[in-house]
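Architecture at a glance
So you can see what is in the structure, the chains are spelled out below.
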Amino acid sequence: YTYSSSDGTLTEKKPRETLESSTTKVLNYLQTVGSATFKEINENTDVSYRRTSDILNILKQTPLIEKTGPKKEDPFVFCGNIKLDEPIDVRTIIQDIETEKETIKKLKQKLNEA
């Protein structure tokens, strides 16, 4: 509970959303719109201002998200402005790539044996 000294009320504090859940909201939003400004992302994801900022700063370091300029109004872009009908779970992409690499390796070995 939190106490408000201005009106003397006690309100129940809702549990803080996990970082993973917040990141998923931001990433899913960008996947479906293609590009958006920080303000648009923050307003449409129900993720706190500070957490949205932290998430976007980390995502900018990945190949998934690009910031198109230095200004606050410059949009963040998902994979070259691709818009998806349904967001994908990017947590599995690395695993999927490794699985496909293994499949390709096995196929190359079979071809070399033939």
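Throughout what follows, the structure given in this document is the object of discussion. The model shown is predicted, which means the values in this text are computed figures rather than measured ones.

As a further point, take the pattern of salt bridges. Going through the model one piece at a time under the given rule, you end up with three salt bridges. The partner of Asp54 in a salt bridge is Arg50, with the nearest N and O atoms 2.8 Å apart. You can see Asp54 and its partner Arg50 sitting in helix H3 (residues 49–59), four residues apart, about one turn around the helix. The partly exposed category is assigned to Asp54, whose relative accessible area is 33%.

So, about the nonpolar core. With 15 residues, the main nonpolar core has Val26, Leu30, Ile41, Leu56, Leu59, Ile65 and Phe76 as its most contacted residues. Sorting the residues of this core by element identifies helix H1 (19–33), helix H2 (38–45), H3 and strand E5 (76–78) as the ones contributing at least two each. Take this core: its biggest share by element is four residues, from H1. Among all residues touching Ile65, those that are not within four sequence positions of it are Leu27, Leu30, Leu59, Lys60, Phe76, Val77 and Phe78.

So, on to the side chain of Ser22. Looking at the element boundaries, Ser22 is found in helix H1. Look at Ser22 and you get buried, because its relative accessible area is 1%. Of note is the side chain of Ser22, whose polar atom sits 3.1 Å from the side chain of Glu17. Sequence-distant contacts of Ser22, defined by excluding residues within four places in its chain, comprise Glu17, Val47, Arg51 and Ile55.

Rules of the game
- Residues numbered from 1 in each chain as written.
- Predicted model: local features only at pLDDT ≥ 70, side-chain atom pairs only at ≥ 80, totals over all residues.
- Heavy atoms only, no water.
- Salt bridge = Lys/Arg side-chain N within 4 Å of Asp/Glu carboxyl O.
- Helix = DSSP H or I, 4+ residues; strand = E, 2+ residues; numbered from the N terminus.
- Buried < 20%, exposed > 50% of the residue type's maximum accessible area, 1.4 Å probe, protein only.
- Core = buried A, V, L, I, M, F, W, Y, C linked by side-chain atoms within 4.5 Å.
- Contact = heavy atoms within 4.5 Å.
- Polar contact = N/O pair within 3.5 Å; in protein donor to acceptor, adjacent residues only side chain to side chain.

Geometric descriptors of this kind do not, in isolation, establish any biological role.
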